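Analysis of the macromolecular model
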2 protein chains.
Amino acid sequence: MSKAIPEPVTKLIEAFSRLPGVGPKTASRLTYFLLRAPDELALSLSEALRELKEKTRFCSVCGNITVDDPCAVCSDPRRDRSMVAVVEEPLDLLAIERTASFTGLYHVLNGAISPINGIGPDDLRIGELVRRIDAGGIVEVIIATNPGQEGDATAMYIRRELQHKGVKITRLARGLPVGGDLEYVDSVTLLRALQGRSEL
Amino acid sequence: MSKAIPEPVTKLIEAFSRLPGVGPKTASRLTYFLLRAPDELALSLSEALRELKEKTRFCSVCGNITVDDPCAVCSDPRRDRSMVAVVEEPLDLLAIERTASFTGLYHVLNGAISPINGIGPDDLRIGELVRRIDAGGIVEVIIATNPGQEGDATAMYIRRELQHKGVKITRLARGLPVGGDLEYVDSVTLLRALQGRSEL
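Residue numbers restart at each chain and count upward from 1, following the sequence in its written direction. By the order in which they are written, chains take letters starting at A while ligands take numbers starting at 1. A pLDDT threshold of at least 70 governs which residues receive local features in this predicted model, and a stricter bar of 80 or more applies before side-chain atom pairs are shown or counted, although totals over entire chains, interfaces and linings include all residues. Excluded from the side-chain calculations are hydrogens and water; all other atoms, namely the structure's heavy atoms, are used.

**Overview of the overall build of chain A**
We apply this condition: In this description a helix means any DSSP run of H or I spanning at least four residues, a strand means any run of E spanning at least two, and both kinds are numbered starting from the N terminus. For this measure, only C-alpha atoms enter the radius of gyration; the expected value for a globule follows 2.2 Å times N^0.38, where N is the number of residues.
Regarding its fold elements, chain A presents seven helices and six strands. Seen in sequence order, chain A has helices and strands lined up from the N terminus as α-α-α-β-β-β-α-β-α-β-α-β-α. On C-alpha atoms alone, chain A measures out to a radius of gyration of 22 Å, which is more than a quarter above the 16 Å that the 2.2 N^0.38 rule sets for 200 residues. Taking the principal axes of its C-alpha atoms as reference, chain A extends roughly 65 × 45 × 35 Å.

Encoded structure:
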């Protein structure tokens, strides 16, 4: 039976299946789509994958993905070098960049403390953050980890590590998401919104 | 702002976005996953994509995906050459092979008649099917197009094309799916099951 499927096809189905959120059905659907699509589609994806690994690296300063080291943010003379936003992932950095309102630098941790997944503080780029602060010039560290258990634990750990370094440590505000509906907001978020209420 | 994303990253996000069912969010999630994952993951996917296009082709007899021409099914001496199952896609062929009960040959149409998508009979491998039948040896043609409007239209068209060829033309049975629940079966399927009822 399986000999009806040529090896290059099964190999690609297997390779797709290893991506997160891609099951065997999606993997074979994508593979058969590419078989019928113009060659250029599969070949440009192939090339982009190879280039991703060959041309990018992590910024030695902030840990962001970059072609040149240090990265475009770290080497931009217009950025405010006294503020550092600490994020879990490069995608979080991009989310903050999209607000077009943060002019400081970043520090990418490469994850969050997660005992369940066996990720401890030593697996994150916390030592590098401490060294950046020790090197001087940083006035405020904005902890922008995700608003959840793992992000909270990571924030608490970093606060403890930095508390005697003489830097201001802040965290992103919790509260109601803009455009959200009170009726549908979960009670933890609503509790945080109450606790963090501000005068009008 | 966008300069915070290196070009190889945006290129891969774009390449992923061109796959069916992959939106920009999924594309960037996959890209950033691959950035952090071992190099082998992205590189083996890159290689598999290249090999898919370099090593596979369509069987000149049945139109299935294959490395060698004719394909493994067409060149298997144990297959019954008097029966041909007509399917829309190679994946449909695999579905029938999985039943391990069909011993005939196949004919892959490469789609179904779909005026909305601008696909007419001439875009399908119907001429090739007629020529296979004219060449002799085929006794029964089992039309195994999908049970929907486009598959039905395609089946009707093929039946008309083949009606004076002296071959038996059959179609897959319609009815209740095994394991299904009568309560949840759509009424068209239930109607077909009633019409096709058999004596116990």
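Text resumes after the structure shown.
**What to know about the relation of the copies chain A and chain B**
Note the threshold: The superposition of copies rests on a least-squares fit of C-alpha positions from residues with pLDDT of 70 or more in both. Contacts were defined at the residue level, with two residues in contact if any of their heavy atoms lie within 4.5 Å.
The two copies are related by a screw motion: chain A maps onto chain B through a turn of 180° and a shift of 0.1 Å along the axis, at an RMSD of 0.1 Å. As the rotation angle and translation indicate, the two copies are arranged about a two-fold axis. Closest to the rotation axis within chain A is the C-alpha of serine 46 of chain A, separated from it by 2.0 Å. Same-surface contact between copies: 100% of interface residues of chain A are shared with the interface of chain B.

**Regarding the nonpolar core**
What counts here: The nonpolar core is taken to be a set of buried Ala, Val, Leu, Ile, Met, Phe, Trp, Tyr and Cys residues, with the residues joined through side-chain atoms within 4.5 Å. Here's how the labels work: a residue is buried when its accessible area is under 20% of the maximum for its type, exposed when over 50%, partly exposed in between, all with a 1.4 Å probe on protein chains only.
Phe16 of chain A together with Phe16 of chain B are the most contacted members of the largest nonpolar core, which totals 111 residues. Ignoring anything within four residues of it in the chain, the contact list for phenylalanine 16 of chain B reads Leu19, Leu45 and Leu49 of chain A together with Val22, Ala27, Leu30, Thr31, Leu34 and Leu45 of chain B.

**A few points about the interface of chain A and chain B**
Note the following rule: Buried area is calculated as the accessible area (1.4 Å probe) missing from two parts once they are joined, with the contributions of both summed. For this document, the term salt bridge refers to a Lys or Arg side-chain nitrogen within 4 Å of an Asp or Glu carboxyl oxygen. Polar contacts here mean pairs of N or O atoms no more than 3.5 Å apart (in protein, one a potential hydrogen donor and the other a potential acceptor; neighbouring residues in sequence count only if both atoms are side-chain atoms).
On the chain B side, the residues contacting the 59 residues of chain A number 59 residues. Overall, the association of chain A and chain B removes approximately 5,500 Å² of surface from exposure, summing both partners, and the carbon and sulfur fraction of that is 72%. Contact with chain B buries area across many residues of chain A, yet Arg36, Leu49 and Lys53 of chain A alone supply 13% of it, more than any other trio. In this structure, the connection of chain A to chain B is made through eight salt bridges. In this structure, the salt-bridge partner of arginine 18 of chain A is glutamate 40 of chain B, at a minimum N-O distance of 2.7 Å. Counting every contact that joins chain A to chain B gives 19 residue pairs in polar contact (both at pLDDT 80 or more). Mapped by element, the contributors of at least two residues to the side of chain A that touches chain B are α1 (7-17), α2 (24-36), α3 (39-55), β2 (65-66) and α4 (90-98) of chain A. In terms of residue count, α3 of chain A provides more of the side of chain A that touches chain B than any other element does, 15 residues in total.

**Observations concerning the side chain of threonine 66 of chain A**
Along the polypeptide, threonine 66 of chain A turns up in strand β2. Assessed through its relative accessible area of 5%, threonine 66 of chain A is described here as buried. Residues within four places of threonine 66 of chain A in sequence aside, it is in contact with Lys55, Thr56, Arg57, Phe58, Cys59, Cys71 and Ala72 of chain A together with Pro6 of chain B.

**Describing the layout of surface pockets**
It is a probe the size of a water molecule, rolled over the atoms, that shows where empty space is left. Going by this rule: Here a cavity is any set of points on a 1 Å grid over the protein atoms alone where a 1.4 Å probe fits but cannot get out, and a pocket is any open set with protein on both sides within 12 Å along at least 5 of 7 lines; a residue lines the site when it has an atom within 4 Å of a point. Grid points are joined across faces, edges and corners, and a volume is the space filled by probe spheres set on the points. For this scheme, ten residues count as nonpolar: Ala, Val, Leu, Ile, Met, Phe, Trp, Tyr, Cys and Pro. Four count as charged, namely Asp, Glu, Lys and Arg, and the remainder, Gly too, count as polar.
One number sums up the size of the largest pocket: a volume of about 520 Å³. At the level of elements, β3 (80-87), α4 and α7 (187-195) of chain A are the ones that each hand at least two residues to the lining of the largest pocket. Its residues assigned to classes, the lining of the largest pocket comprises eleven nonpolar, seven polar and six charged. The calculated volume of the second largest pocket comes to roughly 430 Å³. Lining the second largest pocket we find 21 residues, and of these Pro147, Leu172, Ala173, Arg174 and Gly175 of chain B sit closest to its centre. Only α4 (90-98) and α7 (187-195) of chain B provide two or more residues apiece to the lining of the second largest pocket. Considering only residue class, the lining of the second largest pocket consists of eleven nonpolar, four polar and six charged.

**Some words on α3 of chain A**
Defined as follows: To estimate how far a helix should extend, the number of its residues minus one is multiplied by 1.5 Å.
Taking 1.5 Å of rise per residue, the 17 residues of α3 of chain A would be expected to cover 24 Å, and the 24 Å separating its terminal C-alpha atoms lies within 8% of that figure. Every buried residue of α3 of chain A is accounted for by Leu41, Ala42, Leu45, Ser46, Ala48, Leu49, Glu51, Leu52 and Lys53 of chain A. Against the buried residues of α3 of chain A lie α1 and α2 of chain A together with α1 (7-17), α2 (24-36) and α3 (39-55) of chain B.

**A look at α2 of chain A**
One turn of an α-helix holds 3.6 residues; hence residues three or four places apart share an orientation. Between its terminal C-alpha atoms α2 of chain A stretches 19 Å, which fits the 18 Å expected from 13 residues at 1.5 Å a residue. Every buried residue belonging to α2 of chain A is among Ala27, Ser28, Leu30, Thr31, Tyr32, Leu34 and Leu35 of chain A, and all of these are buried. Contacts from the buried residues of α2 of chain A go to α1 and α3 of chain A together with α3, β1 (57-58), β2 (65-66) and α4 of chain B.

**Here's the deal with the sheet that holds strand β3 (residues 83-87) of chain B**
Residue and element names in this part refer to chain B. Keep this limit in mind: We call two strands paired when DSSP finds no fewer than two bridges between them. Angles shown run from 0 to 180 degrees and are taken between the N-to-C directions of axes, each axis being a line fitted to C-alpha atoms and, for helices, limited to the stretch in contact.
Taken together, the four strands give an open sheet; going across it, the order is β4-β3-β5-β6, and neighbouring strands pair in parallel fashion. Bordering the open sheet on either side are β4 (105-108) and β6 (168-171), each of which pairs with just one other strand. Taken over all neighbouring pairs, the strand axes of this sheet differ in orientation by 25° on average, direction set aside. In terms of strand pairing, strand β5 (residues 140-143) meets β6 through four bridges, oriented parallel. Each residue of the ladder has a partner; that of glutamate 140, found in β6, is lysine 168. Contacts from helix α5 (residues 126-134) reach β3, β4 and β5, with the element oriented near 150° to β4. Against the sheet, helix α6 (residues 149-162) makes contact with β3, β5 and β6, and its axis sits at roughly 170° relative to β6, the strand it touches most.

**Concerning the pairing of β3 of chain A**
All names here are of chain A. As paired elements, β3 and strand β4 (residues 104-108) share five bridges and run parallel to each other. Considered in β4, the bridge of valine 86 is made with histidine 107. Strand direction decides the pairing type here: β3 and strand β5 (residues 140-143), joined by four bridges, are parallel. The partner of alanine 85 across the bridge, within β5, is isoleucine 142.

**Remarks on the state of the cysteines**
To keep it simple, the criterion reads: Any cysteine sulfur atom paired with another within 2.5 Å is treated as part of a disulfide.
Applying the stated criterion to the full structure yields zero disulfides over all chains. Of all cysteine sulfurs in the structure, the one in cysteine 74 of chain A sits closest to cysteine 62 of chain A, which takes part in no disulfide; the separation is 3.7 Å. Cysteine 62 of chain A sits in the buried class, given a relative accessible area of 1%. Unpaired in terms of disulfides, cysteine 71 of chain B finds its nearest cysteine sulfur in cysteine 62 of chain B, a separation of 3.7 Å. According to the relative accessible area criterion, cysteine 71 of chain B is buried, its value standing at 1%.

Coordinates in, geometry out; function isn't part of it.
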